[in-house]
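Listed below, chain by chain, are the residues.
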Amino acid sequence: MITTDMFQILRDLVFFQDFSDRELQSFLSICTDREFKQGEIIFHEGVGGDEFYIIVTGEVAIMKETESGQKELLSILETGSVFGEMSIIDSSPRSAGSEVASDKANLLVIKRAFLEELAKSDLDLAVKLMLTLIKYISERLRQTTERFALAQKMLRQMEN
């Protein structure tokens, strides 16, 4: 259940900065919230998914399994971060796994079916949400590209 306190926390997140209170309230009406404990798996790499998450409080580790079966930490996501969104867009299996990295984490859960219902009831809001999500993904891709370019530069320097 989305409480007044959670509404205020979400109101302050960058992801929702362009949403009016009415739009945010409408969006929250299609979401659920869940609390996870430290170390709890949110989803496994390679498994299909039909939902994405917004971290309301806490931290989530994004992990990738190596060829030897070890888990490699890719990043620690904090309050306000969105993750798991690629499965909503392309229906592919999860490219990485996720687990709670803090004592606990409160997550907003958004299912594909809920987004489809939102598109039927409030198309303008659904489009705004998807454009916000695309903007978020685009920014993350830019950061990944910059890190990749830096890693390549460092590798070339080490080779010389």
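Please refer to the structure placed before this passage.
Residues numbered from 1 in each chain as written. Predicted model: local features only at pLDDT ≥ 70, side-chain atom pairs only at ≥ 80, totals over all residues. Heavy atoms only, no water.

K.L.:
Hey, could you run me through the pattern of salt bridges in this one?
P.N.:
Pairing is possible between side chains of opposite charge, provided their charged atoms come close. As enumerated under the stated definition, the model contains 9 salt bridges in all. A salt bridge links Arg 11 to Asp 21, with the nearest nitrogen and oxygen atoms 3.3 Å apart. Taken as a pair, Arg 11 in helix 1 (residues 4–11) and Asp 21 in helix 2 (residues 21–28) lie far apart in primary sequence, 10 residues in all. Taking relative accessible area as the criterion, Asp 21 reaches 44% and is therefore assigned partly exposed. Between Lys 71 and Glu 99 there is a salt bridge, with the nearest N and O atoms lying 3.3 Å from each other. Of the two residues, Lys 71 sits in strand 5 (residues 71–77) while Glu 99 sits in strand 7 (residues 97–100), which places them 28 residues apart along the sequence. Lys 71 gets classed as exposed once you look at its relative accessible area, which sits at 52%. Taking relative accessible area as the criterion, Glu 99 reaches 19% and is therefore assigned buried. (Salt bridge = Lys/Arg side-chain N within 4 Å of Asp/Glu carboxyl O. Helix = DSSP H or I, 4+ residues; strand = E, 2+ residues; numbered from the N terminus. Buried < 20%, exposed > 50% of the residue type's maximum accessible area, 1.4 Å probe, protein only.)

K.L.:
Teacher, can you tell me more about the sheet that holds strand 6 (residues 82–83) here?
P.N.:
Where strands meet in a sheet, backbone hydrogen bonds hold them as pairs that are either parallel or antiparallel. Taking strand neighbours across the sheet as the criterion, the 4 strands line up as 1-8-3-6 in an open arrangement whose pairing is antiparallel. Either end of the sheet is taken by a strand with one partner, and the two such strands are strand 1 (32–37) and strand 6. Two strands pair when backbone bridges link them, and strand 3 (residues 51–57) and strand 8 (residues 104–111) are joined in this way by 6 bridges, in the antiparallel orientation. Within the sheet, the bridge partner assigned to Ile 55 lies in strand 8 and is Leu 107. On top of the sheet, helix 1 reaches strand 1, strand 3 and strand 8; it is set at about 100 degrees to strand 3, its chief contact. (Pairing = 2+ DSSP bridges. Contact = heavy atoms within 4.5 Å. Axes fitted to C-alpha atoms, helices over the stretch in contact; angles between N-to-C directions.)

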